[in-house]
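For reference, the chains in residue letters:
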Amino acid sequence: MSQEPESREEAIARLQKSASDLEARTTPEPSFDAAGQAAASQAWKIIADLLGGVFVGLAIGWAVDHFAGTTPVGIISGVLLGFALSIWMAWRTAQRLMAEANKHGEPKSVPFDDEDEGA
């Protein structure tokens, strides 16, 4: 018994289905969704604000000490002012993020997972 030859349209449809199946198997799953990537980038921004303020204050304090000759006072005051500035910048960023999050309403609840409880 010989098979009936398939039409051109059937062959194209079969090849397209095979190609889409192959693409579905080879496409990697994204590790973060868009909201997760945005949250991670904002977290790194807050960390950069915290560290950057301290280091900028340290550099300015060292420069004041170097040129004014007030050796420990400039560095100490620069680090303290940089730390205070970095805390204020992180607080401002967190307030802005909370305001944006409140625009979108309450976050969706995560279902309770019974497997996490010890027996």
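Thresholds applied
Residues numbered from 1 in each chain as written. Predicted model: local features only at pLDDT ≥ 70, side-chain atom pairs only at ≥ 80, totals over all residues. Heavy atoms only, no water. Helix = DSSP H or I, 4+ residues; strand = E, 2+ residues; numbered from the N terminus. Buried < 20%, exposed > 50% of the residue type's maximum accessible area, 1.4 Å probe, protein only. Areas by Shrake-Rupley, 256 points an atom, 1.4 Å probe, with all protein chains shown as cover. Salt bridge = Lys/Arg side-chain N within 4 Å of Asp/Glu carboxyl O. Expected span 1.5 Å × (residues − 1). Contact = heavy atoms within 4.5 Å.

1. Focus on the overall build of the chain
- Along its length, the chain carries 3 helices and 0 strands.
- Listed N to C, the secondary structure of the chain is α-α-α in terms of helices and strands.
- The 119 residues of the chain split such that 11% are buried.
- Taken as a whole, the chain presents about 10400 Å² of accessible surface, with 65% of it coming from carbon and sulfur.

2. Side note on the pattern of salt bridges
- Under the defined criterion, the tally for this structure stands at 3 salt bridges.
- In this structure, the salt-bridge partner of Asp 49 is Lys 45, at a minimum N-O distance of 3.2 Å. With Asp 49 and Lys 45 both in helix 2 (residues 34-68), this residue pair falls 4 residues apart, about one helical turn.
- On the basis of relative accessible area, Asp 49 is assigned to the buried category, the value being 11%.
- Judged by relative accessible area, which is 34%, Lys 45 ranks as partly exposed.
- Residues Glu 100 and Arg 96 are paired through a salt bridge, measuring 3.3 Å at the closest nitrogen-oxygen approach. Pair noted here: Glu 100 and Arg 96 are both in helix 3 (residues 71-103), with a separation of 4 residues, about one helical turn.
- Relative accessible area serves as the criterion here: at 35%, Glu 100 is assigned to the partly exposed category.

3. Some words on helix 2
- Between the first and last C-alpha of helix 2 there are 50 Å, a value that for 35 residues agrees with the 51 Å anticipated at 1.5 Å per step.
- Buried within helix 2 we find Gly 36, Asp 49, Gly 53, Gly 57, Gly 61 and Asp 65.
- Packed against the buried residues of helix 2 are helix 3.
- The first or second residue beyond helix 2 is Gly 69, which carries a positive phi of 75 degrees.

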